[in-house]
Amino acid sequence: MKFSGRVWKFGDHIDTDVIIPARYLTTSDHKELGRHCMEDADPDFVKKIGKGDIIVAGRNFGSGSSREHAPIAIKAAGISCVIAESFARIFYRNAFNMGLPIFESAEAAAQINQGDQLQVEADTGMIEDRTQKKRFRAEPIPDFMQELIKDGGLVAHLKKSQAKGH
Amino acid sequence: MSQTISEKILAAHSGRKKVYPGQLIEAKVDLTLANDVTAPLAIEMFYQAGGKKVFNRHKVVMVPDHFVPNKDIAAAEQCRLMRQFAREQKLTNFFELGEMGIEHALLPEKGLVLPGDLVIGADSHTCTYGALGAFATGVGSTDLGAAMLSGRTWFKVPETIKLVYRGKPRSWVSGKDLILYTIGDLGVDGARYQAMEFCGPAMTALAMSDRFTMANMAIEAGAKNGIFEADEMTLAYVRGRSSRLGKIYRSDPDADYKEIREYDLAKIEPQVAFPHLPENAKSISKVGKVLIDQAVIGSCTNGRLEDLRIAARVLKGRTIAKTVRLIIIPATPWIYQQAMKEGLLEIFLQAGGIVSAPTCGPCLGGHMGILAKGERAIATTNRNFVGRMGHPNSEVYLASPAITAASAVLGRIGPVEALSELKKKK
């Protein structure tokens, strides 16, 4: 799997209240949640981004509440993957369960700039900054996790596996 | 074979004698919990995964508390979905308005969590039950939906940070001040992925309500769980609430810890965490002049009877500042009733405050006290993130019930001691 897009840069401790404010948690509708992604950090975020764009952030991305609505909102907004120095525990698990690919790299988080053009390869964990002509390495995403992401999350993946008879 | 309490509980629930940090295990859970925000997604996952019957109808707990009493049509629909599921599955622990309270105050009160239990909840503050000597942690709705079906889930065994507290608390210092101080010391990701073990003589002396407050905020340091060793005080709390006994686990003296930190209570003043992170804790003497528009006393962190008693002690015979709105939210109907019997509600109303039905309400910016642009609140809640209680340009300062009540009277953030000066001035 490869992801390419423009970078939207955020700082440390981007919490789930910023990713999707609680006032929108009266729905589980993916599209509706996507419309309000990152609203309290940047009210025009959703309008500005293009499909496949990438969020790059600092430490402890996704801290705070256990709301799965956070990775859902990011994915539904059209973001292809998130790169951060580190992720909060519950968010890390929720992201994969929802089929949102995430990559940990302190170097990438520190050096990549807002607006850079990136290509990210899940197989190798290679993050290529085409604007700065730099490469960074994150942990690769194993095959079974890539399948899970392709299927759209854990539950969809299980259903598909069951249908296949294995 | 030395292990910590957290490791022992995880080992016992995964059929092992010993587990070690970093190990991936599958474990049986004693209880699953969801609320009106997370249950709808968990239920959807449950059905999508082919679920027909929950693993145990007594152990799947659902509490609509975040936006209840239903704040709007969308919130009402979410609760309806939960109610339908609860009826269909014949859940014995679905708590409807009237019985319903803030989940993390309600479950211990109902005796649903006991020492040694393993609990997961689709709510990050599930870690509260660590106060009872249980291993409890927050998960997302997908993980919860799967556990509702199978009664099991997988864990990565966390490393443990040991936090040792010694000395006597200074006046008006509570569990809230100790945990804010600790988060200020560790940072909001200082315990990321780890277990926080609260111990030392000052913890043995700490009341249950304060233990709940401390375990509740372990997540604000990024921890997977916070835990106390269950003791006589714990047993006195759970006795009469459950027919089960629970099991007390103790950390071995030579157990491995990632880190050990010691705190001397003689040095800890009441704390206030400034926006927009719980780690921005300052001693009350260093706060400066911070005017407030609203004061909130409640939440899963500090909405217990003991918290209301402290607030009432501060507010008795006093009136809040004209510029402040004071909202008090007893966390459960039982707490509400007790507060009424003890005359606390009267004190609050006479002081110029208002008492709400049990709900998470303003803590997460749901309803019952949302802040406008530029407004500032002091609250006994757990998070002061951007936009947490309302407008993205509003501010939340976290503090204890005593400091919050005193600040409501002063009109600015200040210590209880400042109230006597106020009288003299008048």
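Just so it is clear, the model here is predicted, and its values are computed rather than measured.

**Q** In this structure, what is going on with the overall build of chain B? I would like to understand it.
**A** Of regular secondary structure, chain B possesses 15 helices and 17 strands. The globule rule puts the C-alpha radius of gyration for 426 residues at 22 Å, and the 21 Å found for chain B is close to it. Along the three orthogonal principal directions, the C-alpha set of chain B runs to about 65 × 55 × 40 Å. For chain B, the proportion of its 426 residues judged to be buried stands at 60%. The long-range fraction of contacts in chain B, counting pairs at least 24 apart against all pairs at least 6 apart in sequence, stands at 77%.

**Q** Can you help me understand the overall build of chain A in this one?
**A** Of the regular secondary structure elements, chain A holds eight helices and seven strands. For a compact globule of 166 residues, the expected C-alpha radius of gyration is about 15 Å, and chain A comes in at 15 Å, within 12% of that figure. For chain A, buried positions account for 52% of its 166 residues.

**Q** Explanation requested: the interface of chain A and chain B in the structure shown.
**A** The figure often quoted for interface size is the accessible area lost as the parts come together. Taken together, the contacts link 31 residues of chain A with 38 residues of chain B. For the side of chain A that touches chain B, the secondary-structure elements that each account for two or more residues are α1 (16-19), α5 (89-97) and α8 (154-164) of chain A. By residue number, the principal contributor to the side of chain A that touches chain B is α5 of chain A, which donates five residues. The residue inventory of the side of chain A that touches chain B, partitioned by class, reads nine nonpolar, twelve polar and ten charged.

**Q** Could you clarify how one ought to interpret the packing of helix α7 (residues 143-151) of chain A against α8 of chain A in this entry?
**A** Packed helices, taken two at a time, are described by the angle between their axes plus the distance between the axes. Residues and elements named next belong to chain A. Two elements in contact, α7 and α8, have axes separated by 7 Å at closest approach and are oriented at 100 degrees. In terms of orientation, α7 and α8 fall into the roughly perpendicular class. For the pair α7 and α8, the contacting residues are Glu147, Leu148 and Asp151 in the first and Leu154, Ala156, His157 and Lys160 in the second. Looking at the contact of α7 with α8 residue by residue, the classes come out as three nonpolar, one polar and three charged.

**Q** Is there a simple way to explain the sheet that holds strand β3 (residues 81-84) of chain A in this structure?
**A** Residues and elements named next belong to chain A. What the seven strands build is an open sheet, ordered β4-β3-β2-β1-β5-β6-β7; its pairing is mixed. Each having just a single partner strand, β4 (102-104) and β7 (134-137) make up the two edges of the open sheet. Direction aside, neighbouring strands of the sheet carry axes that sit 25 degrees apart on average. Sheet topology places strand β2 (residues 54-57) next to β3; four bridges connect them, and they run parallel. Considered in β3, the bridge of alanine 57 is made with alanine 84.

**Q** Would you mind showing me how to read the pairing of strand β4 (residues 118-121) of chain B here?
**A** Residues and elements named next belong to chain B. Judged by which residues are buried, β4 turns out to be covered on both faces: Leu118 and Ile120 on one side and Val119 and Gly121 on the other are all buried. Two elements, strand β2 (residues 31-35) and β4, share three bridges in a ladder whose sense is parallel. Opposite leucine 31, over in β4, you have valine 119 as the bridge partner. Relative to strand β5 (residues 135-138), β4 runs parallel, the two sharing four bridges. Looking at β5, one finds that valine 119 is bridged to alanine 136.

**Q** What exactly am I supposed to notice about the pairing of β7 of chain A here?
**A** The two faces of a sheet get side chains in turn, since along a regular strand they alternate between them. All names here are of chain A. Where strand β6 (residues 126-129) and β7 come together, four bridges link them in antiparallel fashion. Each residue of the ladder has a partner; that of isoleucine 127, found in β7, is phenylalanine 136. Counting the residues that bridge the hairpin from β6 to β7 gives four residues, and of these lysine 133 lies at a positive phi of roughly 55 degrees.

**Q** I tried to follow unusual backbone geometry on my own but got confused; where do I start?
**A** Note: most peptide bonds trans; most residues except glycine with negative phi. Residue and element names in this part refer to chain B. With an omega of -5 degrees, the peptide bond running from valine 68 to proline 69 counts as cis. Here proline 275 and histidine 276 are connected by a cis peptide whose omega angle stands at -5 degrees. Summarising the element assignment, histidine 276 is placed in the loop between β11 (271-273) and β12 (281-283). Unlike most non-glycine residues, methionine 368 shows phi in positive territory, near 60 degrees.

**Q** Mind showing me how you'd approach the sheet that holds strand β8 (residues 195-199) of chain B here?
**A** Remark on secondary structure: sheet strands pair via backbone hydrogen bonds, oriented parallel or antiparallel. All names here are of chain B. Read across the open sheet, the four strands follow the order β9-β8-β7-β10; overall the sheet is parallel. Each edge of the sheet is formed by a strand with only one pairing partner; in this case those strands are β9 (225-228) and β10 (259-264). Averaged over all adjacent pairs, the angle separating strand axes in this sheet is 20 degrees, with direction ignored. Taken together, the six bridges between strand β7 (residues 160-166) and β10 define a ladder with parallel strand orientation. In the strand pairing of β10, valine 164 is matched with glutamate 262.

**Q** Sorry if this is basic, but what is going on with the packing of helix α11 (residues 305-315) of chain B against helix α14 (residues 401-410) of chain B here?
**A** All names here are of chain B. At a closest axis distance of 8 Å, the pairing of α11 and α14 adopts a crossing angle of 35 degrees. Relative to α14, α11 is oriented so that their crossing is right-handed. Judged by residue contacts, Asp307, Ile310, Ala311, Val314 and Leu315 of α11 engage Pro401, Ala402, Ala405, Ala406 and Val409 from α14. Residue composition of the contact of α11 with α14, grouped by class: nine nonpolar, no polar and one charged.

**Q** In this structure, what is going on with helix α12 (residues 333-341) of chain B? I would like to understand it.
**A** Count 3.6 residues to each turn of an α-helix, and residues three or four apart come out pointing the same way. All names here are of chain B. Those residues of α12 lying buried are Ile335, Tyr336 and Ala339. Each buried residue of α12 lies within a common arc of 105 degrees when the element is viewed along its axis, so the set occupies one face. One or two positions beyond α12, positive phi appears at glycine 343, with a value near 80 degrees.

**Q** Got a minute to help me understand the environment of isoleucine 248 of chain B in this structure?
**A** Residue and element names in this part refer to chain B. Position of isoleucine 248 relative to the elements: it lies in the loop between α9 (232-238) and β10. A tally of 15 C-beta atoms within 10 Å means that isoleucine 248 is categorised as partly exposed. If we ignore the near neighbours within four places in the chain, the residues touching isoleucine 248 are Pro115, Gly116, Gly133 and Ala230.

**Q** So what exactly am I meant to see when it comes to the environment of arginine 192 of chain B here?
**A** Inspection of the secondary structure assignment puts arginine 192 of chain B in the loop between α6 (175-186) and β8. The exposure class assigned to arginine 192 of chain B is buried, which follows from the 21 C-beta atoms found within 10 Å. Along the primary structure arginine 192 of chain B and alanine 218 of chain B are separated by 26 residues, whereas in three dimensions their C-alpha atoms are 9.7 Å apart. When residues no more than four places from it in sequence are discounted, the contact partners of arginine 192 of chain B are Asn60, Ser86, Ala88 and Arg89 of chain A together with Gly222 of chain B.

Reading the values: rules and limits
Residues numbered from 1 in each chain as written. Chains lettered and ligands numbered in written order. Predicted model: local features only at pLDDT ≥ 70, side-chain atom pairs only at ≥ 80, totals over all residues. Helix = DSSP H or I, 4+ residues; strand = E, 2+ residues; numbered from the N terminus. Rg over C-alpha atoms; globule rule 2.2 N^0.38 Å. Buried ≥ 20, exposed ≤ 12 C-beta atoms within 10 Å, placed from the backbone. Contact = placed C-beta atoms within 7 Å. Nonpolar A, V, L, I, M, F, W, Y, C, P; charged D, E, K, R; others polar. Axes fitted to C-alpha atoms, helices over the stretch in contact; angles between N-to-C directions. Parallel < 35°, antiparallel > 145°, perpendicular 65-115°, else oblique. Pairing = 2+ DSSP bridges. Left-handed = near helix turned anticlockwise from the far one by under 90°. Arc of directions from axis to C-beta.

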